Amino acid sequence: MKILIAIAIIIAIGATFWFTSQNQEETLNEPVAMLPVITREQILTASDLVEGVKQALKQDDEKAIEQWLDRALALAKEAGIAQEDINFIQSDSARDYVIFQAKRSQFNDAVEQAYYELQGIDAIKAAYPQAEDLFASADKLIIERDKIIEEIATELADGNTPTNAERQAARQQWLKRYNEKQNQ
């Protein structure tokens, strides 16, 4: 009798292991749902999309903006992202978001140009209210630039308080370096 119980226990344990291994094999053989390789955020913030929309904004070309958004939509469909994300990319909210990002990029470009050309940025800040959170760092950048110009002027004055002529010479040196950089 003990032998029969022992055989029954061994068969039960063997069957348990066999069924467990079958479930694991079936799980391994089931196709894995493919996840998209890109997200809607990555699509809507892609540098080529932002640059394309930025250029279209400069040229006031609504058709070009729509073409760029159509490209983003085509990419989203090709990537197989969720229908909810595709619907968002087709929405006015996504269009507004992409334009917002492009205008912020335009702000950065304009500040960079003003930085090198020794101009102020108040008019730029007024033109791009979308970048309000960037204003403080842009102001710091201009202040640092002006400190560098003043240091160049002090150097030209041999450590003395620089005159207007030395400040103007420092500005000319700065502009010369910028122009050389542009011509490279």
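The model shown is predicted, which means the values in this text are computed figures rather than measured ones. Counting starts from 1 at the beginning of each chain's written sequence and moves along it residue by residue. Local features in this predicted model are restricted to residues whose pLDDT is 70 or higher, and side-chain atom pairs enter the listing and the counts only when it is 80 or higher, whereas totals over whole chains, interfaces and linings include all residues. As a rule here, side-chain values come from all non-hydrogen atoms in the structure, and water together with hydrogens is ignored.

A. Representation of the confidence of the model for the protein in the model. The pLDDT value expresses, per residue, how confident the predictor is, ranging between 0 and 100. In this model, the protein carries an average pLDDT of 85, and 80% of its residues clear a pLDDT of 70 or more. Summarising per-element confidence for the protein, the mean pLDDT is lowest in helix α1 (residues 2-29) (51) and highest in helix α7 (residues 122-127) (96). A run of H or I in DSSP becomes a helix once it reaches four residues, and a run of E becomes a strand once it reaches two; helices and strands are each numbered from the N terminus.

B. Layout of helix α4 (residues 62-79). In this scheme, a helix's expected span is set at 1.5 Å multiplied by one less than its residue total. An ideal rise of 1.5 Å per residue puts 26 Å on 18 residues; α4 measures up with 26 Å between its terminal C-alpha atoms. Only protein chains enter the calculation, and the probe is 1.4 Å; a residue is then buried if its accessible area is under 20% of its type maximum, exposed if over 50%, and partly exposed in between. Looking at α4, one finds that the buried residues are A64, I65, L69, A72, L73 and A76. Residues adjacent in sequence count toward polar contacts only when both atoms are side-chain atoms; beyond that, a polar contact is any pair of N or O atoms within 3.5 Å, and within protein one must be able to donate a hydrogen and the other to accept it. The distance from a side-chain oxygen at the start of α4 to the backbone nitrogen of K63 is 3.2 Å, and the residue carrying that oxygen is D61. One or two residues past the end of α4 sits G80, with phi positive at roughly 75°.

C. Representation of helix α3 (residues 47-58). End to end, α3 covers 16 Å across 12 residues, agreeing with the expected 16 Å (1.5 Å per residue, within 8%). Those residues of α3 that sit buried are L49, V50, G52, V53, K54 and A56. Turning to α3, the residues buried within the fold contact α2 (40-44), α4 and α6 (92-116). Phi for D60, located one or two positions after α3, is positive at around 50°. What makes two residues a contact is simply this: any of their non-hydrogen atoms within 4.5 Å.

D. View of the pattern of salt bridges. By salt bridge we mean one thing: a side-chain nitrogen of Lys or Arg within 4 Å of a carboxyl oxygen of Asp or Glu. Overall, the coordinates contain 12 salt bridges when judged by the stated rule. Linking D109 and K54 is a salt bridge whose minimum nitrogen-to-oxygen distance equals 2.4 Å. In this pair, D109 is assigned in helix α6 and K54 in helix α3, connecting sequence segments 55 residues apart. Residue classification places D109 among the partly exposed residues on the basis of a relative accessible area of 31%. Relative accessible area serves as the criterion here: at 2%, K54 is assigned to the buried category. Between D122 and K125 there is a salt bridge, and its shortest N-O distance comes to 3.8 Å. On the criterion of helical spacing, the pair formed by D122 and K125 is a turn pair, its members being 3 residues apart in helix α7. D122 gets classed as exposed once you look at its relative accessible area, which sits at 60%. One network of salt bridges, with partners in common, ties together R40, E41 and D85.

E. Fine view of the packing of helix α8 (residues 135-156) against helix α9 (residues 164-183). Close contact between α8 and α9 brings their axes to 8 Å; oriented N to C, the two are set at 120°. One way to sum up the angle between α8 and α9 is to call them oblique. Both α8 and α9 take part in a crossing whose hand is right-handed. Counting all contacts with α8, which are made through R145, I148, I149, E150, I152, A153 and L156, the residues of α9 involved are E166, R167, A169, A170, R171, Q173, W174 and R177. Its residues placed into classes, the contact of α8 with α9 shows 8 nonpolar, 1 polar and 6 charged. Helix axes are fitted to C-alpha atoms over the stretch in contact, other axes to C-alpha atoms as well, and angles between N-to-C directions run from 0 to 180 degrees. The cut-offs work like this: below 35 degrees is roughly parallel, past 145 is roughly antiparallel, 65 to 115 is roughly perpendicular, and the gaps in between are oblique. Helix crossings fall into two classes, left-handed where the near helix is turned counterclockwise from the far one by less than a right angle and right-handed where it is turned clockwise. Basically, the charged four are Asp, Glu, Lys and Arg, the nonpolar ten are Ala, Val, Leu, Ile, Met, Phe, Trp, Tyr, Cys and Pro, and anything else, Gly included, counts as polar.

F. Representation of the environment of E144. Relative to the assigned elements, E144 resides in helix α8. Sequence separation between E144 and Y115 is 29 residues; the distance between their C-alpha atoms is 9.8 Å.

G. Representation of the packing of aromatic side chains. Stacked, tilted and edge-to-face pairs are distinguished by plane angle, under 30 degrees for stacked and over 60 for edge-to-face with tilted covering the rest, among Phe, Tyr and Trp rings (Trp via its six-membered ring) whose centres lie within 6.5 Å. Inspection of the entire model under this criterion finds 5 aromatic pairs. Arranged with centres 5.0 Å apart and planes meeting at 85°, the rings of Y115 and Y116 form a pair that is edge-to-face. A relative accessible area of 13% places Y115 in the buried class. A residue is classified by how much of its surface remains accessible, and Y116, at 21% relative accessible area, is partly exposed. Judged by centre distance (5.2 Å) and plane angle (5°), the ring pair of Y116 and Y178 falls under stacked. Here Y116, found in helix α6, pairs with Y178, found in helix α9; they are 62 residues apart in sequence, far enough to count as distant.

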